[in-house]
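Coordinates in review
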Amino acid sequence: MKAIRVSQFGDPAVLKLEEVPDPAPGPGQALVRLHAAGVNPVEAYIRSGKYARLPALPYTPGMDGAGVVEQSDAAALPPGTRVYVTGSLTGTYAEKSVSAASDVHPLPDRLSFEQGAALGIPYGTAVWALFYRGQARWGERLLIHGASGGVGIAAVQLARSAGLRVTGTAGTPEGLDMVRQNGAEAAFNHRTPGYLDQLKEATGGRGFDMILEMVANKNLASDLGLVAAHGRVVVVGSRGPIEIDPRAAMARNADIRGVMFFGAPTGEIFDRISSGLEDGSLAPVIGEALPLEEAARAHEQIMTSAARGKIVLTM
Ligand code: NAP
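Residues numbered from 1 in each chain as written. Predicted model: local features only at pLDDT ≥ 70, side-chain atom pairs only at ≥ 80, totals over all residues. Heavy atoms only, no water.

**A short note on the overall build of the chain**
Across its full length, the chain carries 10 helices and 15 strands. Relative to the 2.2 N^0.38 estimate, which gives 20 Å for 315 residues, the radius of gyration of the chain is 20 Å and therefore close to what a compact globule would have. Expressed as lengths along the three principal axes of its C-alpha atoms, the size of the chain is roughly 60 × 40 × 30 Å. Here the chain holds 315 residues, and 52% of them are scored as buried. Excluding contacts between residues fewer than 6 apart, the proportion of contacts in the chain whose partners are at least 24 apart in sequence is 65%. (Helix = DSSP H or I, 4+ residues; strand = E, 2+ residues; numbered from the N terminus. Rg over C-alpha atoms; globule rule 2.2 N^0.38 Å. Buried < 20%, exposed > 50% of the residue type's maximum accessible area, 1.4 Å probe, protein only. Contact = heavy atoms within 4.5 Å.)

Written out as structure tokens, the structure reads:
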């Protein structure tokens, strides 16, 4: 089969398309013929070699994907079942992948394989951040600071279906439209001067009960001026340090809560996501689908701005 292999850490050019043997599933595992793989920022951090946990070289990147079961001993996953996978033992930037059966979930017919590949890390992280770490409640005012990417759009859909009042930000007119179309009652451009004042005005000066932050190294200090009394700033993404004034949090009795999806209770999280797929409240938005051999381009794009939903690879 064809797979992307990384033999040394470095820039996107280290992602090479190679011919490798098909992986073989063991007991309790499933072999899936993949049609699409999700591309997440964490895979670019790992590929660059600048991440706390690095795999042994050589390796195939990717944890998210969707396709058709080829082999499995699980009664619920007979060969031919359309599935999405939320973890891989062999890497999903490949034509075939082996996953623990518990990481393989039925994919409803109305969703494409590309949409299935957009579920794992983005939707899992959004559920963990909103409802577990953030303890989001019906009727609360939520700001998703960076709503146009993979995690952001997932969070817009999930929060809206849970009855929150959602405001989102994006950096392009297309991103802003998409954020509104997916359930935000208002959207603001985080590249427009003065947008922070507009955000505050939109809450009548009261602030947001919860802020889901995708770029904390730029925004955490200003988030502490946007959060309501007793509110929470939930940090999903950060690419470096930032100086904050702790008194801004103290004055509001506000919490800053960190999020790490790895280690979260994925069984109950993906049960929740699967029911949202069944009832139609969740439907991933694909911004760009590139062929597997263009994995390097996908990694360049995921690290630059102008998100329009999720980037996936197809095979
Ligand atoms: P993505 O698809 O690349 O989306 C990035 C988002 O950030 C886009 O909405 C982008 O908007 C927005 N953004 C860019 N500049 C911004 C700014 N100055 N202020 C506010 N938003 C800004 O990435 P993703 O998959 O959604 O992941 C988002 C972040 O969460 C990444 O840093 C990722 O590493 C992290 N993450 C963390 C976990 C965890 O367990 N903690 C899990 C998954 C992801 P425009 O492109 O429209 O400007």
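**Topic: helix α4 (residues 150–161)**
Along an α-helix, residues three or four positions apart point the same way, because every turn accommodates 3.6 residues. Helix length check: α4, at 12 residues, gives a terminal C-alpha distance of 17 Å against a target of 16 Å (1.5 Å per residue), a fit within 8%. The element α4 is largely enclosed, with a buried count of nine among its 12 residues. Along α4, the residues that are buried comprise Val151, Gly152, Ile153, Ala154, Ala155, Val156, Gln157, Leu158 and Ala159. Buried positions along α4 lie against α3 (120–133), β8 (141–145), β9 (165–170), α5 (173–181) and β11 (208–213). Positive backbone phi, at 85°, marks glycine 163, one or two positions downstream of α4. (Expected span 1.5 Å × (residues − 1).)

**Concerning the nonpolar core**
With 47 residues, the main nonpolar core has Leu130, Leu142, Ile144, Leu212 and Ile273 as its most contacted residues. Those elements giving two or more residues to this core turn out to be α2 (113–117), α3, β8, α4, β9, α5, β11 and α9 (266–278). Mapping this core onto the domain boundaries places at least three of its residues in each of domain 1 (2–119 + 284–314) and domain 2 (122–258). When near neighbours in sequence (up to four residues on either side) are disregarded, isoleucine 144 contacts Gly152, Ala155, Val156, Val166, Thr167, Gly168, Thr169, Leu212 and Met214. (Core = buried A, V, L, I, M, F, W, Y, C linked by side-chain atoms within 4.5 Å. Domains from an automatic or database assignment.)

**Re the site of the ligand**
Close contacts around the ligand come from 29 residues, with Tyr45, Ser148, Arg191, Ala306 and Ala307 the closest. Within the contact set of the ligand, a nitrogen atom lies 2.8 Å away from a backbone nitrogen or oxygen of valine 259. At a separation of 2.7 Å, an oxygen atom of the ligand approaches a polar backbone atom of alanine 306. Protein chains shield 90% of the accessible area of the ligand, which is 920 Å² for the free molecule. A breakdown of the residues in the shell around the ligand according to their chemical character gives 15 nonpolar, 11 polar and three charged. Looking at which domains feed residues into the shell around the ligand, each of domain 1 (2–119 + 284–314) and domain 2 (122–258) supplies at least three. (Near = heavy atom within 4 Å. Polar contact = N/O pair within 3.5 Å; in protein donor to acceptor, adjacent residues only side chain to side chain. Areas by Shrake-Rupley, 256 points an atom, 1.4 Å probe, with all protein chains shown as cover. Nonpolar A, V, L, I, M, F, W, Y, C, P; charged D, E, K, R; others polar.)

**Topic: α9**
With 13 residues, α9 extends 18 Å from end C-alpha to end C-alpha; this agrees with the ideal 18 Å at 1.5 Å per step. Inspection of α9 places Ile269, Phe270, Ile273, Ser274, Gly276 and Leu277 among the buried residues, and these make up the whole buried set. All buried residues of α9 project into a common sector of 160° when viewed along the axis, lining one side. Along α9, exposed side chains directed more than 90 degrees from the buried face belong to Asp271 and Glu278. Phi turns positive one or two residues past the end of α9, at glycine 280, with a value near 85°. (Arc of directions from axis to C-beta.)

**Focus: the domain arrangement of the chain**
For the chain, the assigned domains are domain 1 (2–119 + 284–314) and domain 2 (122–258). Of note, the centres of domain 1 and domain 2, computed from C-alpha atoms alone, are 28 Å apart. Counting residues at the interface gives 16 residues for domain 1 and 15 residues for domain 2. Summed over both partners, the interface of domain 1 with domain 2 buries about 1,000 Å², with 58% contributed by carbon and sulfur atoms. For the domain 1 face of the interface with domain 2, the top three residues by lost area are Leu119, Val285 and Ala307, together amounting to 37%. Taken together, domain 1 and domain 2 are joined by zero salt bridges. For the interface between domain 1 and domain 2, the tally reads three residue pairs in polar contact (both at pLDDT 80 or more). (Buried area = accessible area lost by both parts, 1.4 Å probe. Salt bridge = Lys/Arg side-chain N within 4 Å of Asp/Glu carboxyl O.)

**What about the sheet that holds strand β12 (residues 227–235)?**
Strand order in the open sheet formed by six strands is β10-β9-β8-β11-β12-β13, and the pairing between neighbours is parallel. Both outer strands of the open sheet, β10 (186–189) and β13 (255–258), are each paired with one neighbouring strand and no more. Neighbour-to-neighbour, the strand axes of the sheet open up by a mean angle of 20°, direction not taken into account. Sheet analysis places β11 next to β12, joined by five bridges and oriented parallel. (Pairing = 2+ DSSP bridges. Axes fitted to C-alpha atoms, helices over the stretch in contact; angles between N-to-C directions.)

**Focus on the packing of α3 against α9**
Contact geometry of α3 with α9 gives a least axis separation of 10 Å together with a crossing angle of 105°. Taken together, α3 and α9 sit at an angle that is classed as roughly perpendicular. For the pair α3 and α9, the contacting residues are Gly120, Tyr123, Gly124, Val127, Trp128, Phe131 and Tyr132 in the first and Glu268, Ile269, Phe270, Arg272 and Ile273 in the second. When the residues that make up the contact of α3 with α9 are grouped by side-chain class, the tally is eight nonpolar, two polar and two charged. (Parallel < 35°, antiparallel > 145°, perpendicular 65-115°, else oblique.)

**Observations concerning unusual backbone geometry**
In this structure, proline 58 follows leucine 57 across a cis peptide bond, with omega equal to -10°. The topology assignment puts proline 58 in the loop between α1 (41–48) and β4 (64–72). Phi is positive for glutamine 135, which is not a glycine, with a value near 50°. By the element assignment, glutamine 135 lies in the loop between α3 and β8. Owing to a relative accessible area of 45%, glutamine 135 belongs among the partly exposed residues under this scheme.

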